[in-house]
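The primary structure of each chain is shown beneath.
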Amino acid sequence: MAPPAARQRYNANKQENALTRKPPKKLNSGASKKENKKLGASKKNENDSTASLDKRDVVPSVHTAFKTFVSARLCSAIWAYISDCDETYNYWEPLNYIINGHGLQTWEYSPQFALRSYTYLLLQGVPGWIYQKIFHPSPVLIFYMVRCMLGFGCAVMERFMYKSICQEFGIHIGRLWLIFQLFSVGMFISSTALLPSSFAMYFGCSALAAWWTQKYPLAIFFVAIASLLGWPFAGLIGVPIAVDMLLRKRLFRTFFIWAGISFATIAIPMIVIDSTYFGKITFAPLNIVLYNVFTNHGPNIFGTEPLSYYLVNGYLNFNIVWLLSLITPIMLIIDYFVVPAKSSSTLNFPRYITLAPFYLWLLVFFAQPHKEERFLFPVYPLISLCGAITVDVFQRIFFRLKTLIVSMKNGSSGPHYLDHTMFIAILIMILSTLTGLSRVFALYRNYHAPMDLMMELTQFKASPQYRADQIYNVCIGKDWYRYPGSFFFPAQNFRLRFLKSEFKGMLPAYYADGENATQIAHPYFNDMNKEDERMYFPYDDCHFLIDFDEGKYTDLEPSYSKRTKDWTIMKSLPFLIQEKSHRFYRAFYIPFITDNYTSYGNFNLLKRKKIRQS
């Protein structure tokens, strides 16, 4: 139950709305009576989880919202490209090792450093392993099966969050959040990414949803899952929850009991599993915190970015919603002074604490020199929420000012603010949706070629030239970071090999053959991103070669496709050349215009004309 004062403010606000609004509309005409009972607010079920829903508002039911979320996330599973090479080499490759017995290993998985957890991989790997053992599918089907599973898990989180937002913040903000989420490019990318930051998003935002509905034990447990099994820095999301429980509500017993239960049920099995894989006592979350915070170099050797990186990236992924989310605190302050306070109250918590996880996250990660897009994944749904709140505040302020002007002229009070300001919300939703769809289409059109190109190897497997007892070496040079993963090889006798290029950093290597390969420390791994010559493969032993021909060549990065004596082009697909394309038109697709301002090179899959038998 909400505190008495909050309940009184809520009831007063509800009564005021009942007096000023137009006659009621039918709630969710397409839904069943059972669904309407669950979502429609009434005097009999005022304490129900959806008590804040007003019969005068048409709102998608929780079940309808869930179906739309599932549809959107399955689209992401099928059409989203892998935007981060860290996802490929740190997660898809070790997962391929767990399922198929071979895969590339990075230095983070070396027992010498042990920064990554195999427990996290097993959560995704076990269903894929069962699928592989029962049906023996093509490896790429396992890839998409895991992606669909991740998308479904994200949709479950969003369903829970949608229901909580409608209760805590109101159904209008819930509707806006639903639309912003469905057409968010950021969610399109992150929802099916095999990354701990995406996993932290699933459970971190589920923790917030549980907290907003005052399910404190569940909130603590979800934060523990997000930070221990996922990403330890996701614990930032739980800081406002802890402040609320310990300082505002004095729930010391509940907090410490459930913190202990969560740690025991998650951390202890995790330590056992990871210690078995690494061959020594290992607690991976602690190791990654020690490396990132307490080493003298940390992650900064892998590149640093200015503050503008996150600002631009946020706009590309959330367009106008991102800008609205950044000004939410300012708008709430204006709302407090301009709009009557009772119209701004929520059911259980003040806004400054419910939205604190988002701004605390920005405060910490904006200050870090090393910036990656995936570092903001855990708070992506909160961007949509804060954007929705800002739109609602805009509507309130607009209506308040309009009411003051009208009242001065005729001395009468107007109807409810939504009756005269929905055009603001509709315009922003349309703009956000069209911009999001434009961005999604641009991403697929510009960058999906590597995943499509790898499919062509299936044609070779079906040809008379293919031999099941032959190891085929698929080489890659400067484009190593665009490789989508070994799941795209048609069989287990294909291997990725690295050619020397202008890149001077450290590359991954295959797990050692035989048992206990995860316990073997390769001598060429280091935590300083230093190049090792032993990682490179002889050019003459390559059977296939992946190369992006963008018109720039060096001695180490020649145009392999022009070496017609060695190679024949199996498949060639267009891939965007960023330096030769306009920044706006390469980011957003506009029909009939974009092609005039963008330039594409050929992403080639080359096959050696005379394949040596080995």
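Residues numbered from 1 in each chain as written. Predicted model: local features only at pLDDT ≥ 70, side-chain atom pairs only at ≥ 80, totals over all residues. Heavy atoms only, no water.

As named in an unreviewed UniProt entry, the chain is Mannosyltransferase, taken from Stomoxys calcitrans. Of the chain, the UniProt comment under Sequence similarities (unreviewed entry) reads exactly: "Belongs to the glycosyltransferase 22 family." Under the UniProt heading Pathway (unreviewed entry), the note attached to the chain is "Protein modification; protein glycosylation." (UniProt positions renumbered as here; feature names shortened; annotations may be inferred.)

Student: Could you give an account of the side chain of His-102, naming the residues involved and the relevant values?
Tutor: Considering the arrangement of structural elements, one finds His-102 in the loop between α4 (85-100) and β1 (104-105). Setting aside residues up to four positions removed in sequence, His-102 forms contacts with Glu-93, Asn-96, Tyr-97, Gln-492, Phe-494, Arg-495 and Tyr-510. (Helix = DSSP H or I, 4+ residues; strand = E, 2+ residues; numbered from the N terminus. Contact = heavy atoms within 4.5 Å.)

Student: Break down the sheet that holds strand β3 (residues 494-498) for me, with residues and values.
Tutor: One open sheet holds the five strands; their spatial order is β3-β2-β5-β7-β6, and the pairing between them is mixed. Either end of the sheet is taken by a strand with one partner, and the two such strands are β3 and β6 (567-576). Going from strand to strand, the sheet's axes swing by 25° on average, the running direction of each strand aside. Two elements, β6 and strand β7 (residues 600-608), share nine bridges in a ladder whose sense is antiparallel. Bridge pairing in β7 links Trp-567 to Arg-608. Sitting on the sheet, helix α19 (residues 418-447) touches β6 and β7, and the angle it makes with β6 is about 155°. (Pairing = 2+ DSSP bridges. Axes fitted to C-alpha atoms, helices over the stretch in contact; angles between N-to-C directions.)

Student: Got a sec to walk through the packing of aromatic side chains? Specific residues and values, please.
Tutor: On inspection of all chains with the given rule, the structure shows 65 aromatic pairs. Between Phe-66 and Phe-152, the aromatic rings sit 5.7 Å apart at their centres with planes inclined by 75°, giving edge-to-face as the arrangement. Placement of the pair is Phe-66 in helix α3 (residues 62-79) and Phe-152 in helix α6 (residues 139-168), with a sequence separation of 86 residues. With 6.0 Å between their ring centres and 45° between their planes, Tyr-483 and Phe-489 make a pair best called tilted. Overall, Tyr-483 belongs to the buried group, its relative accessible area being 1%. Every member of this aromatic cluster is reached through a ring pair, and the members are Tyr-89, Phe-460, Tyr-466, Tyr-472, Trp-480, Tyr-481, Tyr-483, Phe-489, Phe-494, Phe-498, Phe-503 and Phe-544. (Phe/Tyr/Trp six-rings, centres within 6.5 Å; stacked < 30°, edge-to-face > 60°. Buried < 20%, exposed > 50% of the residue type's maximum accessible area, 1.4 Å probe, protein only.)

Student: Before we move on, could you go through helix α11 (residues 239-248) and cite the residues and values that matter?
Tutor: For α11, the full list of buried residues reads Pro-240, Ile-241, Ala-242, Asp-244, Met-245 and Leu-246. Looking at the packing, one finds that the buried side of α11 touches α9 (196-212), α10 (216-230), α12 (252-278), α16 (351-354) and α17 (356-366). One or two residues past the end of α11 sits Arg-250, with phi positive at roughly 60°.

Student: Requested: an account of the pattern of salt bridges, with residues and values cited.
Tutor: Tallying each qualifying case throughout the model produces 16 salt bridges. A salt bridge links Arg-248 to Asp-244, with the nearest nitrogen and oxygen atoms 2.5 Å apart. Residue Arg-248 and its partner Asp-244 are both found in helix α11; the two are separated by four residues, about one turn of the helix. On the basis of relative accessibility, which here comes to 0%, the residue Asp-244 falls in the buried class. Across the pair Glu-533 and Lys-500 runs a salt bridge whose closest N-O atoms are separated by 3.1 Å. Of this pair, Glu-533 sits in the loop between β4 (509-510) and β5 (544-549) while Lys-500 sits in the loop between β3 and β4, and the two are 33 residues apart along the sequence. Within this structure, Asp-84, Asp-86, Glu-372 and Arg-374 form a network of salt bridges that share partners. (Salt bridge = Lys/Arg side-chain N within 4 Å of Asp/Glu carboxyl O.)

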